[in-house]
Amino acid sequence: MFYELYLRSFCDGNGDGLGDLKGAEKKLDYIAELGMEGIWLLPIMQSPAYHGYSVTDFFAINPIYGDLKDLRNFLYGAHKRDLKVILDLPLNHTSPSHEWFLKALDGEKPYCDWYLFLQSEEWLKARRHWDNQQVWSNYSGRWVYALFGPGSPDLNFESPSLWQQIKEVLTFWLSVGFDGFRFDAAKHIFDFSIEKGICEYQHSRNIAFWKEMTSHCRAISPDCLFVSEVWDDARIVDMYSSIFGIGFNFPLAEDLKLAIASRNAESLVKALKTDMQRFFRSKRSYESGTFLTNHDMTRLVSSMNGDRDLALLALTVLLTLPGLPFLYYGEELGMEGVYDEYFNEEQLEPFLWYENGYGPDQTEWKALGKNRPHGGVSIQAQSGIAGSYFERFKNILRFRRDNPWLRFTTIKSISRKKDLVRINLHGSKGNAILYHNTGNSRATLDTTGTPVVINGRL
Ligand code: ACG
């Protein structure tokens, strides 16, 4: 299990109200005790944006998070606890304040080749696939391709010198001690067709790029871990994931949440069967990076319309499936937050250590809106309290931690009887049968002679 960590909101190590590396280092025991095997660190490079995805220097740490020494201490502490740490690298674009971009605007070589400048007025008609948004931004009278908006002009990977530069970025972070990377926006490296003047994913070129980058990393560090962010349907996710070894399973995440939020056992069976068949088809050439939520999504409890029992059911289903699970910080507290494209912050709120929202470690970079103090969400209110959401969540994590073989199982069959979903797993220790009750009332079953894991009301 990996813990997805948004540093700014987690733990404040120097009293400035912002989470940082020193703070996170103090909480490594907390993360390890949850049963995690690793941490996915959201971008920590220098960036003017709160989310860190538009970078101004790929070789520097954002000073609000600390310096290289703090990072080395953090990594040392993590490794001492057998926690691997992967870094989120947004390589598809930079901040418009990046030196490369400023030099590109001045026409300086090679930087002017590292961004895509408008070559035909026709290109201005291009629109983003998923929301029809404009993809060109104007900087001091020059139009530049910027798929994610004016805050992040895209890098133009037609230039071989840029590939070389990116390899240096990878070498740098591996030499600092990271165990691998979460590659952001992996399908967007080549996503504009110069010939047609439209947005069009060039999957084979993207794959060639990632093959070269991952081989570069493996030559430095053979055990490197990679996770690809390809938010798309199963066919496309599968296409990329085998290069990286682990691919975030977006289709499963979405289907699981929809099925469980509506207590629809039939949809749950369908979601699991689709996933199972998919893995057979792809001949298991990669591992499923399973998850329910991340920083781009509505938090788990909110996506279950506030029903905490359903949120825990979703977690149990997730953690009894094969694959490597990723859990977003704060989900263990039952924090709430609805993703909004234009106000993308509610799901990034400070982790609540104290019930009144104040105290050492507590981050305060933004006001708590959805997870208010005195709402019973904090660690202080829930830790050690039998039956609290946090303790129940931890029990489920513990179950997964104590049964690491689940990661490498194969689903043999899935069926249902009314609200009871039955999953037959095959693993190194033999077979196990799991029952998940999606219904609102108790269920009984005859379990004679079968190893059984039961979830929900029985
Ligand atoms: C990553 C990061 C995100 C970050 C960026 C930019 C990229 O996780 O935090 O934003 O550095 C697209 C991209 C993803 C991107 C998200 C935000 N995520 O592909 O790489 O946008 C459709 C599209 C997807 C699209 C998704 C967004 O296909 O490409 O993701 O919509 O909603 C089914 C379909 C599937 C469809 C989904 C959802 O599953 O099969 O195709 O996905 O439904 O409809 C950061 C900040 C942002 C800031 C930006 C500049 O977090 O706030 O704006 O930087």
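Residues numbered from 1 in each chain as written. Predicted model: local features only at pLDDT ≥ 70, side-chain atom pairs only at ≥ 80, totals over all residues.

Draft legend 1. Broad picture of the overall build of the chain. For the chain, the count of helices and strands is 13 helices and 18 strands. Here the C-alpha radius of gyration of the chain, 23 Å, is about what a compact globule of 458 residues would show, namely 23 Å. Looking at the 458 residues of the chain, the share that counts as buried comes to 45%. Within the chain, contacts between residues at least 6 apart in sequence are counted, and of these 61% link residues at least 24 apart. (Helix = DSSP H or I, 4+ residues; strand = E, 2+ residues; numbered from the N terminus. Rg over C-alpha atoms; globule rule 2.2 N^0.38 Å. Buried ≥ 20, exposed ≤ 12 C-beta atoms within 10 Å, placed from the backbone. Contact = placed C-beta atoms within 7 Å.)

Draft legend 2. Inspection of the site of the ligand at higher detail. Near the ligand lie 20 residues; those nearest to it are Tyr 53, Trp 130, Phe 148, Ala 185 and Trp 231. Partitioning the shell around the ligand into residue classes produces seven nonpolar, seven polar and six charged. (Near = placed C-beta within 6 Å. Nonpolar A, V, L, I, M, F, W, Y, C, P; charged D, E, K, R; others polar.)

Draft legend 3. Highlighting the sheet that holds strand β2 (residues 38-41). Read around the barrel, eight strands follow the order β1-β2-β5-β8-β11-β12-β13-β14 and close on themselves; strand pairing throughout is parallel. Across the sheet, the axes of successive neighbouring strands diverge by a mean angle of 25 degrees, strand direction being ignored. Of the strand pairs in this sheet, strand β13 (residues 287-291) and strand β14 (residues 324-328) are connected by three bridges, and their pairing is parallel. Bridged to Gly 289 within β14 is Leu 324. (Pairing = 2+ DSSP bridges. Axes fitted to C-alpha atoms, helices over the stretch in contact; angles between N-to-C directions.)

Draft legend 4. Highlighting unusual backbone geometry. With omega at -5 degrees, the peptide bond leading from Lys 109 into Pro 110 counts as cis. Of note, Ser 140 is a non-glycine position whose phi angle comes to about 45 degrees, a positive value. Locating Ser 140 in the fold gives a position in the loop between β6 (136-139) and β7 (142-145). For Ser 140, a count of 6 C-beta atoms within 10 Å translates into the label exposed.

Draft legend 5. The arrangement of the pairing of strand β5 (residues 84-89) in detail. With respect to burial, β5 is a largely interior element, five of its six residues being buried. Inspection of the sheet shows β2 paired to β5 by four bridges, in the parallel sense. Looking at the pairing, Trp 40 lines up with Ile 86 of β5. By the bridge criterion, four bridges tie β5 to strand β8 (residues 180-183) in an arrangement that is parallel. Paired with Leu 87 across the two strands is Phe 181, which belongs to β8.

Draft legend 6. Molecular detail of the pairing of β6. Relative to β7, β6 runs antiparallel, the two being bridged by four bridges. Note that in β7 the partner of Trp 136 across the bridge is Tyr 145. Two successive antiparallel strands, β6 and β7, enclose a turn made up of two residues, where Ser 140 displays a positive phi of approximately 45 degrees.

Draft legend 7. Structural detail: the packing of helix α6 (residues 203-220) against helix α7 (residues 234-244). For the pair α6 and α7, interaxial distance at closest approach is 9 Å and the crossing angle is 15 degrees. In terms of their interaxial angle, α6 and α7 are classed as roughly parallel. Our pair here, α6 against α7, has a crossing hand that is right-handed. Contact residues: His 203, Ile 207, Trp 210, Lys 211 and Thr 214 in α6; Met 239, Tyr 240, Ile 243 and Phe 244 in α7. Considered class by class, the residues forming the contact of α6 with α7 number six nonpolar, two polar and one charged. (Parallel < 35°, antiparallel > 145°, perpendicular 65-115°, else oblique. Left-handed = near helix turned anticlockwise from the far one by under 90°.)

Draft legend 8. Structural context of the packing of helix α8 (residues 250-261) against helix α9 (residues 265-281). Look at α8 against α9: their axes get within 8 Å of each other, and the N-to-C directions meet at 165 degrees. Relative to α9, the element α8 lies roughly antiparallel. For the crossing formed where α8 meets α9, the hand is left-handed. In this structure, α8 uses Leu 252, Asp 255, Leu 256, Leu 258, Ala 259 and Ile 260 to contact α9, whose residues at the interface are Ser 267, Leu 268, Ala 271 and Asp 275. Each residue belonging to the contact of α8 with α9 can be placed in one class, and the counts come to seven nonpolar, one polar and two charged.

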